[in-house]
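What follows is each chain in one-letter form.
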Amino acid sequence: MDTESQVELLAIETHQSCSYCSLPEGSCESWLQGTRITPEHYQMLLDRGWRRIGSYICKPIADKACCPQYAIRCEALNYKLTKSQARVLRKMRKYLMTEGTEELEKWKSRERYRPVAMQKEVNPKEQPIGIGEAIVIQDNNKRSVGSPDIPWHLSEKSKKLPPRSGLGPDPDKPLCVKSKVRKMNNKTKSTQQQVPQNHPDAYEILRSQIPHLNPADNFKRELRVVLVPALEDDLRFQSTSRESFNVFKKFQTVVIKESESEWSFLKWSRCFTDCPVPHDFTGTGPGYGNFHQQYILDGKIIAVGVLTLIPNAVVTEYFYYDPDYGFLSLGIYSALNEICLLNELHKIDNRHKRYYLGAYTHLSPKMRYKISFAPAELLCPHTYKWIPLQECIVALESRTPRLDPGREDEIRNENESVHTTFDMDNLLVCYECNNITYRQYILEHYGYVDGGNAGSSVDVDDRKEELETLKQYVSRVGAKCATSIPLRVPVSLYPL
Ligand SMILES: [Zn+2]
């Protein structure tokens with residue numbers, strides 16, 4: 001196992017205002033910082049629900065958040081274009097065939113500042129944080145305002161009048177399902193059925209309809225999409241970074257409604273240039289690491305997708321666009337292009353299989369576009385298994401953080417027990433630049449094991465406190481990451 005990675009624990013739990021329901025301290029996240037993370041280790045973290053913002057690695061804690069978020073991915077090799085997505089491609093084609101500013105002006109005057117339905121809106125929660133920004137550490141023993149003190153299934157929404165007396169439900173009939181859930185189930189089922197398994201032409205059909213990949217003679221405008229390594233010494237990146245930043249700033253101000261002073265070029269660089277997954281250009285294809293996919297219309301950047309390319313996946317980390325071009329549904333357009341990118345990469349290296357779309361919360365209508373890229377899967381925060389979307393709908397609708405409640409044995413055996421059964425002696429840590437086990441570390445740093453003090457000046461309580469923190473870290477990252485990704489010790493949570 002390649003152990004060139006190194007992470008630092010910043011916070012076991014932070015609680016900030018929820019960007020979906022505005023509940024103060026409603027969100028709950030764990031934070032790491034990656035000094036360096038190999039693509040294989042980043043893949044492992046993705047499959048435990050972590051995602052990166054610059055060199056920060058963040059994990060939403062579904063059980064403790066008012067609006068649970070789940071990692072979502074799409075089996076992009078089996079993807080099939082839907083009717084509404086095809087409409088987005090036709091709209092772009094039509095726009096490229098026109099001249100003048102009529103369409104643009106119409107949009108600007110009427111719709112510029114209105115949120116676009118199904119636009120790939122960036123969840124404000126996905127907004128990157130700057131290095132100087134505060135991460136609020138919550139005392140782990142205190143419940144946050146956002147943490148439900150009552151089980152999800154007994155929450156406000158499900159409080160109902162006591163049942164009337166009678167014969168009760170007919171045991172011979174199927175369980176009653178809410179019409180909303182039933183409709184959602186039918187919709188996702190039909191979407192899944194549309195997708196032929198390993199259909200050889202599904203990708204080619206998509207590709208043939210993407211305008212910039214099939215420019216026509218009657219196009220009056222030019223749309224180019226360029227994949228640029230996000231490297232300060234890359235000439236293309238260097239020469240376009242200011243222009244890209246200006247698009248980002250406009251997006252944050254108009255779409256996310258942040259103040260203009262919120263973002264500096266330096267802060268943007270830290271969030272979108274910094275990346276713990278190192279660039280690797282040794283193979284064929286674009287390589288691995290942090291890339292910006294620039295959408296350039298008639299020589300002007302109108303949108304940017306921030307991507308991490310790793311051997312198994314294309315990961316979309318952030319997307320921003322010039323709000324003036326919101327009428328082109330650039331979020332959906334870019335996602336379709338990224339699905340094409342993955343399929344092209346698969347031709348070069350068949351390990352490329354999945355398209356990761358970040359986090360999904362069912363409570364935000366703006367997020368619904370993510371589940372339209374079928375076949376979609378959500379990561380259960382208890383079993384850490386990827387569950388097909390149609391099997392998650394009931395849990396999502398009933399706000400149950402656990403997505404596969406029927407698999408109790410697996411839950412018990414695989415994950416809930418990691419906190420108590422994991423042998424902390426095996427935790428991999430990085431101490432004074434050496435990767436060693438936790439057992440070796442306590443011998444070297446504290447000078448004793450299990451009670452015997454060999455003259456160390458470190459207080460026993462400090463060691464106990466650190467051990468408890470490390471146990472919580474293990475429960476967040478899982479046994480596989482805990483034994484293969486070195487964690488820098490001694491742990492000093494941020495801020496102290
Ligand atoms: Zn919320």
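Source: prediction; values computed, not measured.

## Let's talk about the nonpolar core
Thinking step 1. Ranked by size, the top nonpolar core spans 113 residues in total, and within it Tyr70, Val314, Tyr320, Ile339 and Tyr355 carry the most contacts.
Thinking step 2. With nine residues, the top contributor of residues to this core is helix H8 (residues 330-348).
Thinking step 3. Here this core spans two domains, and each of domain 1 (6-149 + 178-416) and domain 2 (419-491) adds at least three residues to it.
Thinking step 4. Look past the residues within four positions of Val314 in its chain and what remains in contact with it is Leu307, Leu309, Glu338, Leu341, Leu342, Leu345 and Tyr355.

## Describing the packing of helix H2 (residues 83-96) against H8
Thinking step 1. Two numbers describe how H2 lies on H8: the axes approach to 10 Å, and their chain directions differ by 105 degrees. Judged by the angle between their axes, H2 and H8 are roughly perpendicular. On H8, the residues touching Gln85, Val88, Leu89 and Met92 of H2 are Ile332, Tyr333 and Leu336.
Thinking step 2. Per-class residue counts for the contact of H2 with H8 are six nonpolar, one polar and no charged.

## Examining the packing of helix H5 (residues 202-209) against H8
Thinking step 1. Where H5 meets H8, the axes come as close as 10 Å, and the angle between the chain directions of the two elements is 130 degrees. Comparing their axes, H8 and H5 come out oblique. The handedness of the crossing between H5 and H8 comes out as left-handed. Across from Tyr203, Leu206 and Arg207 in H5, the residues of H8 making contact are Leu336, Ile339, Cys340 and Asn343.
Thinking step 2. Looking at the contact of H5 with H8, its residues break down into five nonpolar, one polar and one charged.

## Observations concerning helix H7 (residues 265-272)
Thinking step 1. Those residues of H7 that fall on the buried side of the exposure criterion are Trp268, Cys271 and Phe272. For H7, the arc enclosing every buried residue in end-on projection is 80 degrees, short of the 170-degree limit, so these residues lie on one face.
Thinking step 2. Check the buried side of H7 and you find it contacts strand E3 (51-53), helix H6 (235-254), strand E8 (300-310) and strand E9 (313-321).

How each quantity is defined
Residues numbered from 1 in each chain as written. Predicted model: local features only at pLDDT ≥ 70, side-chain atom pairs only at ≥ 80, totals over all residues. Core = buried A, V, L, I, M, F, W, Y, C linked by C-beta atoms within 7 Å. Buried ≥ 20, exposed ≤ 12 C-beta atoms within 10 Å, placed from the backbone. Helix = DSSP H or I, 4+ residues; strand = E, 2+ residues; numbered from the N terminus. Domains from an automatic or database assignment. Contact = placed C-beta atoms within 7 Å. Axes fitted to C-alpha atoms, helices over the stretch in contact; angles between N-to-C directions. Parallel < 35°, antiparallel > 145°, perpendicular 65-115°, else oblique. Nonpolar A, V, L, I, M, F, W, Y, C, P; charged D, E, K, R; others polar. Left-handed = near helix turned anticlockwise from the far one by under 90°. Arc of directions from axis to C-beta.

Limitation: the analysis is restricted to geometry and does not speak to function.
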